[in-house]
Amino acid sequence: MSWEIESQSEALRKLLPFVTPRKEQVHITESYISVPPALIITDEYNQVWTLGMSVAPQGKSPDGEFAFPILRNGFEVDCIASRLERRNGKVRAFTRDGWRTWSNRFNSFM
Amino acid sequence: MARSYAVSFQNQTISATAQMAQVFVNPGTSCSLEFLRGWLSQAGSTTSNMESVALQTQVTAFPTLTSTTPAKLNFLDPASQITGATTGAAGTSGTVGSVIGAGTKSAVYNDNFNILNGWLWVPTPMETIVMNAGAASGLGLYTPAGAVSTPSWSGGMTYQER
């Protein structure tokens, strides 16, 4: 007997194909584009950034806004934010603690 | 906890006709629907272009669509009260409209976006749109000016049953 277990994140990537990178780099998002209202941010490493589907609890959300886990190429990166923005070649996230900037070196929002 | 579902389509060629519904969900009589998210994007063009988008209600005659069954966002939930259908009738959902439908449309939310970046609508808690059970109209995601580039579009809406 073979077991095929599909994780919720795999199912999410099937449901929302835009969360994963295209095969080749076709576009780098300009500065000052933010999610929302844009759907995705694509950086120079062809990483696709967007907001996930599950709503964060109120204690982890910026006041007055829905917040969601940040997805990078369809995987959560352990940060909850209501907005993403690309500025000066960096991806920033608006979290309950204010703006945090993605560090490729540390592989997390700082 | 309310149950959440997504009605979406991926990698479809959409109609260039103005006022076409790309996603349409019509509440049935059993529960109201609270709309939490809408999105639209394309992968067919690498040329920067602006596109209009709108959340609109439409009464009968409804648009003709491709039947799309709502997907569960929590896999433990039962199937949605909404079922897939091509007619846009009460209690059904569909995507990628092919016929506009003569019913009057009323805009709730109008916006524009660059097709390279896609469009995401995430209302604040006070801005969510609720369609009551037994409503005469459905809510849809429309391209009011027609698509500037038609291939390889994805889009959808999520809602909670209340």
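Residues numbered from 1 in each chain as written. Chains lettered and ligands numbered in written order. Predicted model: local features only at pLDDT ≥ 70, side-chain atom pairs only at ≥ 80, totals over all residues. Heavy atoms only, no water.

Caption draft 1: Representation of the overall build of chain B within the structure. If you tally the helices and strands in chain B, you get zero helices and 13 strands. Counting from the amino terminus, chain B carries its helices and strands in the arrangement β-β-β-β-β-β-β-β-β-β-β-β-β. The C-alpha atoms of chain B give a radius of gyration of 15 Å, which matches the 15 Å a tight globule of 162 residues would have. The C-alpha extent of chain B, read off along each of the three principal axes, is 45 × 35 × 30 Å. Per-residue burial over chain B gives 56% buried out of 162 residues. Contacts spanning at least 24 positions in sequence make up 87% of the contacts within chain B whose residues lie at least 6 apart. Of the accessible surface of chain B, which amounts to about 6,300 Å², a share of 51% is contributed by carbon and sulfur atoms. Taking the average location of the 5 positive side-chain charges in chain B and that of its 6 negative ones, the two points are 8 Å from each other. (Helix = DSSP H or I, 4+ residues; strand = E, 2+ residues; numbered from the N terminus. Rg over C-alpha atoms; globule rule 2.2 N^0.38 Å. Buried < 20%, exposed > 50% of the residue type's maximum accessible area, 1.4 Å probe, protein only. Contact = heavy atoms within 4.5 Å. Areas by Shrake-Rupley, 256 points an atom, 1.4 Å probe, with all protein chains shown as cover. Lys, Arg positive; Asp, Glu negative; His and termini not counted. Charge placed at Lys NZ, Arg CZ, Asp CG, Glu CD.)

Caption draft 2: Spatial organisation of the sheet that holds strand E9 (residues 108-109) of chain A. One open sheet holds the five strands; their spatial order is E1-E6-E7-E8-E9 (chain A), and the pairing between them is antiparallel. Pairing within the sheet leaves two strands with one partner each, and these edge strands are strand E1 (34-35) and E9 of chain A. (Pairing = 2+ DSSP bridges.)

Caption draft 3: The arrangement of the side chain of B:Ser93 in detail. Residues and elements named next belong to chain B. Positionally, Ser93 belongs in strand E8 (residues 92-99). You can call Ser93 buried: its relative accessible area is 0%. With residues up to four places along the chain from it excluded, the contact list for Ser93 reads Val7, Phe24, Val25, Ser67, Thr68, Pro70, Ile82, Thr83, Gly84 and Ala85.

Caption draft 4: Structural detail: the interface of chain B and chain A. With 27 residues of chain B at the contact, the number on the chain A side is 25 residues. Of the roughly 2,200 Å² buried between chain B and chain A, counting both surfaces, carbon and sulfur atoms make up 64%. The largest share of the area that chain B buries against chain A comes from B:Arg37, B:Asn117 and B:Leu120, three residues that together contribute 28% of it. Summed over the shared surface of chain B and chain A, the result is zero salt bridges. Where chain B packs against chain A, one counts six residue pairs in polar contact (both at pLDDT 80 or more). Those elements giving two or more residues to the side of chain B that touches chain A turn out to be strand E1 (3-12), strand E3 (33-42), strand E10 (119-121) and strand E13 (153-161) of chain B. (Buried area = accessible area lost by both parts, 1.4 Å probe. Salt bridge = Lys/Arg side-chain N within 4 Å of Asp/Glu carboxyl O. Polar contact = N/O pair within 3.5 Å; in protein donor to acceptor, adjacent residues only side chain to side chain.)

Caption draft 5: Structural detail: the environment of B:Met157. Residue and element names in this part refer to chain B. Here Met157 shows up in strand E13. Through-space distance from the C-alpha of Met157 to that of Val23 is 7.1 Å; in sequence the pair is 134 residues apart. Contact partners of Met157, with chain neighbours within four places excluded, come to Tyr5, Ala6, Val7, Val23, Phe35, Arg37, Gly38, Trp39, Leu55, Leu139, Gly140 and Leu141.

Caption draft 6: View of the pairing of E8(B). Residue and element names in this part refer to chain B. With six of its eight residues buried, E8 lies for the most part within the structure. Alignment of strand E2 (residues 20-26) against E8, held across four bridges, turns out to be antiparallel. Paired with Phe24 across the bridge in E8 is Gly94. In the sheet, strand E7 (residues 83-84) pairs with E8 via two bridges, with the strands oriented parallel.

Caption draft 7: Just the nonpolar core, in detail. With 30 residues, the main nonpolar core has A:Leu16, A:Trp49, A:Ile70, A:Leu84, A:Phe109 and B:Trp39 as its most contacted residues. Breaking this core down by element, the ones donating at least two residues are helix H1 (8-15), strand E3 (48-51), strand E4 (68-72), strand E5 (75-81) and strand E7 (90-95) of chain A. Residues in contact with A:Trp49, not counting those within four places in the same chain, are A:Leu39, A:Ile40, A:Ile41, A:Asp43, A:Ile70, A:Leu71, A:Arg72, A:Val77, A:Leu84, A:Val91, A:Trp102 and A:Phe109. (Core = buried A, V, L, I, M, F, W, Y, C linked by side-chain atoms within 4.5 Å.)

Caption draft 8: Inspection of the pattern of salt bridges at higher detail. Overall, the coordinates contain six salt bridges over all chains when judged by the stated rule. A salt bridge links B:Glu34 to B:Arg162; the shortest N-O distance between them is 3.2 Å. Of this pair, B:Glu34 sits in strand E3 while B:Arg162 sits in the segment after E13; the two residues are 128 residues apart in sequence, bridging distant segments of the chain. Since its relative accessible area comes to 12%, B:Glu34 is described here as buried. In the salt-bridge network here, residues are joined through shared partners; they are A:Glu85, A:Arg87 and A:Arg92.

Caption draft 9: Fine view of the packing of aromatic side chains. Residue and element names in this part refer to chain A. Evaluation of the coordinates by the stated rule reveals ten aromatic pairs over all chains. When the centroid spacing of 5.2 Å and the interplanar angle of 55 degrees are considered together, the rings of Phe94 and Trp99 count as tilted. The partly exposed category is assigned to Trp99, whose relative accessible area is 36%. Here a set of aromatic residues connected by ring pairs shows up, and it is made of Trp49, Trp102 and Phe109. A cation over an aromatic ring shows up here: Arg83 above the ring of Phe94, its NZ or CZ 4.6 Å from the ring centre. (Phe/Tyr/Trp six-rings, centres within 6.5 Å; stacked < 30°, edge-to-face > 60°. Lys NZ or Arg CZ within 6 Å of the ring centre and 35° of its normal.)

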